[in-house]
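An overview of the molecular structure
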Amino acid sequence: MNTPTTSQAKRPGGRSAQVQSVVRKALEELIAQEGRDKVTVPAVAERAGVSASSIYRRWGDVNGLLGETATERLDPNRPLPETGNLKAELAAWARGLITHLNKPGNTSMLKAAAALAGSEETNCLKNRRAEATVLVNRAQARGDATPSVQQVLDHMMAPLIYRLIFGAGVEPALADQLADELFVLVHPVGKTEKPTPRSS
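This section reports on the structure supplied with the text. Just so it is clear, the model here is predicted, and its values are computed rather than measured.

Looking only at helices and strands, one finds nine helices and zero strands in the protein. Taken from the N to the C terminus, the helices and strands of the protein come in the order α-α-α-α-α-α-α-α-α. A buried classification covers 34% of the 200 residues belonging to the protein. For the protein, restricting intrachain contacts to residue pairs at least 6 apart in sequence, the fraction spanning at least 24 positions comes to 68%. In the form shown here, the protein has an accessible surface area of approximately 12,200 Å², with 52% of it arising from carbon and sulfur atoms.

As a further point, take the nonpolar core. Residues Val-23, Leu-27, Val-44, Ile-55, Leu-74 and Leu-90 are the most contacted members of the largest nonpolar core, which totals 51 residues. For Leu-90, the residues in contact, after removing those within four places along its chain, are Leu-135, Val-152, Met-156, Leu-182 and Phe-183.

On to helix H5 (residues 86–101), then. For H5, with 16 residues, the first-to-last C-alpha span of 22 Å sits near the 22 Å given by 1.5 Å per residue. Here H5 has its buried residues at Leu-86, Glu-89, Leu-90, Ala-91, Trp-93, Ala-94, Leu-97, Ile-98, His-100 and Leu-101. Buried residues along H5 sit against helix H4 (62–74), helix H6 (106–116), helix H7 (123–141), helix H8 (149–166) and helix H9 (173–186). Between a side-chain oxygen at the N-terminus of H5 and the backbone nitrogen of Lys-87 the separation is 3.1 Å; the capping residue is Asn-85.

Each aromatic ring pair is characterised by the separation of its centres together with the angle its planes make. For the coordinates displayed, the defined rule picks out one aromatic pair. Summarising the aromatic geometry, the rings of Tyr-162 and Phe-166 are spaced 4.9 Å apart at their centres and angled 45° between planes, so their arrangement reads as tilted. Of this pair, Tyr-162 and Phe-166 are both found in helix H8, four residues apart, which corresponds to roughly one turn of the helix. Each member of the pair, Tyr-162 together with Phe-166, is exposed.

Glancing now at H7. Residues that lie three or four places apart on an α-helix share one face, since the helix turns once every 3.6 residues. If you check H7, its first and last C-alpha atoms are 27 Å apart, about what 19 residues at 1.5 Å a residue would give, namely 27 Å. Within the sequence span of H7, burial applies to Cys-124, Arg-128, Glu-131, Ala-132, Leu-135, Val-136 and Ala-139. When H7 is viewed along its axis, its buried side chains cluster within an angular range of 130° and face the same direction. Here the buried face of H7 lies against H4, H5 and H8. Following H7 by one or two positions, Gly-143 adopts a phi angle in the positive range, close to 95°.

So, on to the environment of Ala-130. Residue position: Ala-130 is located in helix H7. Sequence-wise, Ala-130 and Val-149 are 19 residues apart; in three dimensions their C-alpha atoms are separated by 9.0 Å.

Here we come to the pattern of salt bridges. Counted by the stated rule, this structure contains 14 salt bridges. Here Glu-89 ties to Arg-138 by a salt bridge, and the two come within 3.7 Å at their closest N and O atoms. Here the residue Glu-89 occupies a position in helix H5, and Arg-138 occupies one in helix H7, the gap between them amounting to 49 residues. Among the ionic pairs, Arg-142 bridges to Asp-144, the shortest N-O distance being 3.2 Å.

A word on the environment of Met-156. Considering the arrangement of structural elements, one finds Met-156 in helix H8. Sequence spacing of Met-156 and Leu-174 is 18 residues, and the spatial spacing of their C-alpha atoms is 9.3 Å. What Met-156 contacts, discounting residues up to four positions off in sequence, is Leu-90, Ala-91, Ala-94, Gln-151, Ala-175, Leu-178, Ala-179 and Leu-182.

What counts, and where the lines are drawn
- Residues numbered from 1 in each chain as written.
- Predicted model: local features only at pLDDT ≥ 70, side-chain atom pairs only at ≥ 80, totals over all residues.
- Heavy atoms only, no water.
- Helix = DSSP H or I, 4+ residues; strand = E, 2+ residues; numbered from the N terminus.
- Buried < 20%, exposed > 50% of the residue type's maximum accessible area, 1.4 Å probe, protein only.
- Contact = heavy atoms within 4.5 Å.
- Areas by Shrake-Rupley, 256 points an atom, 1.4 Å probe, with all protein chains shown as cover.
- Core = buried A, V, L, I, M, F, W, Y, C linked by side-chain atoms within 4.5 Å.
- Expected span 1.5 Å × (residues − 1).
- Polar contact = N/O pair within 3.5 Å; in protein donor to acceptor, adjacent residues only side chain to side chain.
- Phe/Tyr/Trp six-rings, centres within 6.5 Å; stacked < 30°, edge-to-face > 60°.
- Arc of directions from axis to C-beta.
- Salt bridge = Lys/Arg side-chain N within 4 Å of Asp/Glu carboxyl O.

Printed below as a string of structure tokens:
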């Protein structure tokens with residue numbers, strides 16, 4: 001049996017990665033320019049300079065390509081903040097996500113991915129849930145009183161994503177506002193326990 005040379009062995013994988021990169025870039029550009037509804041596999045293939053059949057083989061259809069590209073593009077690769085204060089960590093976490101999703105092309109991709117989402121959780125939501133779980137569990141291990149993971153998603157991530165999809169943009173300062181509101185909700189200011197009635 002012939003053993004391939006080093007260059008021969010690396011070429012297929014390298015070529016595959018290169019094709020995936022140009023196809024994803026073409027998809028992102030088309031979505032930003034035309035909107036999700038007008039994007040087709042042939043249009044992506046023409047822009048990327050590849051055959052449509054190669055896209056069908058790799059991703060099945062444009063939705064499969066979009067789903068994978070959205071996960072790749074919309075998940076920021078960064079360490080979670082660790083300050084010893086959960087509210088500060090949640091605010092920093094949300095600020096990082098806002099900054100990432102505000103980058104050129106990312107908001108368009110987020111809107112397209114949202115239109116594609118069905119009844120199951122998207123990878124983006126699963127990843128945000130996993131990150132929130134790490135932050136909350138870490139605070140609980142320190143002995144801190146914390147909101148639940150679901151409260152973090154409902155009162156921080158949901159408003160943030162909603163405004164990015166349907167609004168005119170989001171400023172990083174929104175992260176601090178949402179963190180403040182979450183902790184007021186969980187630990188209302190001035191809330192005291194009812195006094196125990198005295199026996200007569």
